[in-house]
Amino acid sequence: MVRLIEPEHHLSLGDYEAVAHLGAAVSDLRHEAESLRSAVGTRRVWMVNSTPRGGGVAEMLPPLINLMSELGVDARWLVMQTDEPDFFRLTKRVHNLVQGHGEPEITEDERGLYEKISYETAEAISEYLEAGDVLVVHDPQPLAAGALIRQELGPDGLVAIWRCHIGLDEHSPQTRTAWDFLCPYTEPYDHAVFSAPEYIPGCLSGKSTIIHPGIDPLSHKNRELPVHKIVGILSNGGLTGSAELVPSPSFDHRAKRLQPDGSWAAATEPEDFGLLYRPIVSQVSRWDRLKGYVPLLRGFSRFKETLGDLDELDELPRRTLERVGLVLAGPDPTGVSDDPEAHDVLDEIRQAYMSLSPEIRESIAVITLPMASAKENALIVNALHRCSDIVVQNSLQEGFGLTATEAMWKQTAVITSEAAGLRQQVRPGLDGHTVRDAEDPDAIAGALHAMLRDQKRRELLGHNAQQRVYSDFLIFTQIRSWLELIVGTLA
Ligand code: UDP
């Protein structure tokens with residue numbers, strides 16, 4: 001029902017300090033954490049979410065927990081689990097409704113199921129708790145479980161904070177249905193945290209704070225990779241033809257690629273899509289409809305189709321643009337427990353891909369990445385970002401969009417939609433290029449034309465983007481905000 005997770009994060013603050021440009025951020029954090037830590041004292045901080053792997057929350061928790069611990073706060077991680085697949089189907093629908101999508105109806109039977117599993121989860125979490133602990137519950141899945149525990153233990157027994165990573169900056173029948181469902185469970189909480197002020201629902205307006213997510217600059221996902229490592233990682237993943245595959249005895253580490261005939265296959269020979277020698281546009285995300293993969297495929301196809309119309313192009317840029325490849329990558333859906341829609345979304349992508357002409361299909365690689373090892377997965381994402389000329393995040397809705405932050409940190413130019421979470425990160429024309437309508441193929445094609453034809457602009461945007469992440473979206477800022485919030489809630 002609930003599992004204690006050892007965060008896979010093996011870096012100390014000293015490791016960050018040793019990297020010249022990170023030193024100042026870490027010493028500021030150490031300094032400020034000094035008094036905050038003594039205010040937290042011996043209370044333990046429990047982070048609870050619904051998956052140990054896959055998605056932004058699972059990505060952020062390990063460094064957050066480990067570095068908080070190093071700063072002297074006893075932080076730990078619990079992941080809720082259930083054998084009831086309908087529970088995650090329901091919470092996925094609630095997730096989509098909060099983001100403004102789906103049928104705006106939740107039945108009493110569904111509420112019954114949600115509460116039944118929440119009771120069981122609450123009991124399992126309670127086994128770990130001691131008086132005075134701090135419970136930080138992430139997203140809707142464990143929300144009601146946290147509410148039950150907080151109600152049971154009272155204000156002296158527990159401080160409970162709900163961290164909601166999703167949200168929408170508009171009201172719709174969908175968001176009203178979602179919040180009608182969720183609001184009763186938020187009531188017992190002492191405080192809530194959102195990624196943007198526009199996301200705070202009426203029921204939490206008096207007790208919410210904004211904390212921007214942050215990335216770990218030295219994680220396998222974000223650290224510098226020399227060229228030979230990039231080649232090795234892509235090659236081992238079966239994604240380039242430039243080196244020999246090294247089979248792993250413990251797990252199948254090869255990515256699977258959608259084949260021109262619509263089937264999925266792992267590379268038996270190293271595949272040669274040309275990741276290393278053609279211009280690459282990529283999007284790496286979960287297989288979620290709201291990530292806008294299908295519109296991106298259509299936009300890319302429109303970009304390719306319209307190359308012939310551009311008679312002002314001289315021969316060299318035309319040949320370069322004709323070679324541009326699109327990579328759509330995401331987790332192997334068999335390895336992610338709380339995302340039941342992934343198979344359906346992949347199938348929709350497969351259908352959209354099959355509807356394209358064979359020539360355009362040849363310039364597209366749809367890839368599922370092995371999830372057996374978090375490290376391998378992260379390194380492939382890192383290498384993909386680094387061999388991309390442009391990273392796209394075409395989300396129809398986005399709570400924040402760590403994928404964009406990760407690419408920005410690597411100085412890769414980004415094209416993003418104007419989903420609210422992405423607007424928090426990308427100032428149009430300064431840190432990246434934004435597309436007004438993520439579902440409009442012409443708008444996407446236009447953005448690709450503008451960016452792919454202007455290397456100087458890509459370099460400038462990439463440079464600014466890294467600065468932006470450095471000042472606002474690194475893990476150190478986030479840890480400080482959490483410590484301040486916890487101490488403020490204890491007061
Ligand atoms: N991610 C990953 N492997 C994948 C696909 C995505 O590690 O195959 C990571 C991605 O790098 C990012 C996170 O999952 O760190 C996604 O976070 P984001 O905030 O962009 O979206 P979410 O999944 O939380 O909606």
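Residues numbered from 1 in each chain as written. Predicted model: local features only at pLDDT ≥ 70, side-chain atom pairs only at ≥ 80, totals over all residues. Heavy atoms only, no water.

Considering the sheet that holds strand S13 (residues 390-393)
- Strand order across the open sheet formed by eight strands is S9-S8-S12-S11-S10-S13-S14-S15, with mixed pairing between neighbours. Looking at which strands have only one partner, the edges of the open sheet turn out to be strand S9 (264-266) and strand S15 (433-435). Within this sheet the neighbouring strands show an average axis-to-axis angle of 25°, counted without direction.
- Where strand S8 (residues 256-258) lies against S9, three bridges are found, and the strand directions are antiparallel. If you follow Leu258 over to S9, its bridge partner there is Trp264.
- Sheet strands in contact with helix H11 (residues 342-354) are S8, S9, strand S11 (325-331) and strand S12 (364-369), and its direction is about 165° off that of S12. (Pairing = 2+ DSSP bridges. Helix = DSSP H or I, 4+ residues; strand = E, 2+ residues; numbered from the N terminus. Axes fitted to C-alpha atoms, helices over the stretch in contact; angles between N-to-C directions. Contact = heavy atoms within 4.5 Å.)

Comments concerning helix H2 (residues 23-40)
- Compared with an ideal rise of 1.5 Å per residue, which puts 18 residues at 26 Å, H2 spans 25 Å between its outermost C-alpha atoms and is within 8% of the ideal.
- For H2, the principal kink sits at Ala33 and spans about 40°.
- Next to the buried residues of H2 lie helix H1 (13-17), helix H17 (455-472) and helix H18 (475-490).
- Once H2 ends, the next one or two residues include Gly41, with phi positive near 65°. (Expected span 1.5 Å × (residues − 1). Bend = angle between axes of the 7 residues up to and from the residue.)

Let's talk about the site of the ligand
- Around the ligand sit 18 residues in total, of which Lys221, Arg286, Lys291, Leu402 and Glu406 are the nearest.
- Interatomic distance of 3.1 Å between a backbone N/O atom of Pro331 and an oxygen atom of the ligand.
- For the ligand, whose accessible area on its own is 540 Å², the fraction buried by protein is 91%.
- Every element with two or more residues in the shell around the ligand is listed here: helix H3 (56-70), S11, helix H13 (374-386) and helix H14 (402-409).
- It is H14 that provides the largest number of residues to the shell around the ligand, a total of three residues.
- Taken together, the residues of the shell around the ligand break down into five nonpolar, seven polar and six charged. (Near = heavy atom within 4 Å. Polar contact = N/O pair within 3.5 Å; in protein donor to acceptor, adjacent residues only side chain to side chain. Areas by Shrake-Rupley, 256 points an atom, 1.4 Å probe, with all protein chains shown as cover. Nonpolar A, V, L, I, M, F, W, Y, C, P; charged D, E, K, R; others polar.)

Quick look at unusual backbone geometry
- The phi torsion at Asp139 lies on the positive side, around 70°, for a residue other than glycine.
- Mapped onto the secondary structure, Asp139 falls in the loop between strand S4 (133-138) and helix H6 (143-157).
- Judged by relative accessible area, Asp139 falls into the buried class, the value being 9%.
- Backbone geometry places Gln411, a non-glycine residue, at a positive phi of 65°.
- Along the polypeptide, Gln411 turns up in the loop between H14 and strand S14 (413-417). (Buried < 20%, exposed > 50% of the residue type's maximum accessible area, 1.4 Å probe, protein only.)

Focus on the packing of helix H8 (residues 227-236) against H13
- Viewed as axis vectors pointing N to C, H8 and H13 meet at an angle of 120°, and their least axial separation amounts to 9 Å. In terms of their interaxial angle, H8 and H13 are classed as oblique. Note on packing geometry: the crossing formed by H8 with H13 is left-handed. Of the residues in H13, those touching H8 at Ile230, Ile233 and Leu234 are Leu379, Ile380, Ala383, Leu384 and Arg386.
- Of the residues in the contact of H8 with H13, the class split is seven nonpolar, no polar and one charged. (Parallel < 35°, antiparallel > 145°, perpendicular 65-115°, else oblique. Left-handed = near helix turned anticlockwise from the far one by under 90°.)

Focus on the state of the cysteines
- A complete count under the given rule lists one disulfide for this structure.
- Each sulfur in the disulfide pair Cys183 and Cys203 lies 2.0 Å from the other. An S-S torsion of about -70° defines the bridge between Cys183 and Cys203 as left-handed. Here the residue Cys183 occupies a position in helix H7 (residues 173-186), and Cys203 occupies one in the loop between strand S6 (191-194) and strand S7 (208-210), the gap between them amounting to 20 residues.
- Left unpaired, Cys164 is separated from the closest cysteine sulfur, that of Cys203, by 10.0 Å. (Disulfide = S-S within 2.5 Å.)

Describing the confidence of the model for the chain
- Looking at the chain as a whole, its pLDDT mean stands at 92, while 96% of the residues score no less than 70.
- Both scores are given for the predicted complex: the pTM is 0.89, the ipTM 0.98. (pLDDT = per-residue confidence, 0-100.)

Some words on the side chain of Asn222
- Residue position: Asn222 is located in the loop between S7 and H8.
- There is a polar contact of 2.9 Å between the side chain of Asn222 and the backbone oxygen of Asp216.
- Those residues in contact with Asn222 that sit more than four places away from it in its chain are Ile215, Asp216, Pro217, Asn382, Arg386, Glu406, Trp409 and Lys410.

Side note on the pairing of strand S3 (residues 74-80)
- For S3, a buried count of five out of seven residues is recorded, marking the element as mostly surrounded by other parts of the structure.
- Direction of pairing for strand S1 (residues 2-5) relative to S3: antiparallel, over a ladder of four bridges. Its bridge partner lying in S3, Ile5 is registered against Trp77.
- Relative to S3, strand S2 (residues 44-49) runs parallel, the two being bridged by six bridges. Within the sheet, the bridge partner assigned to Trp46 lies in S3 and is Arg76.
- Read from S2 through H3 to S3, the crossover connection turns out right-handed. (Right-handed = clockwise from strand over helix to strand, strands pointing away.)

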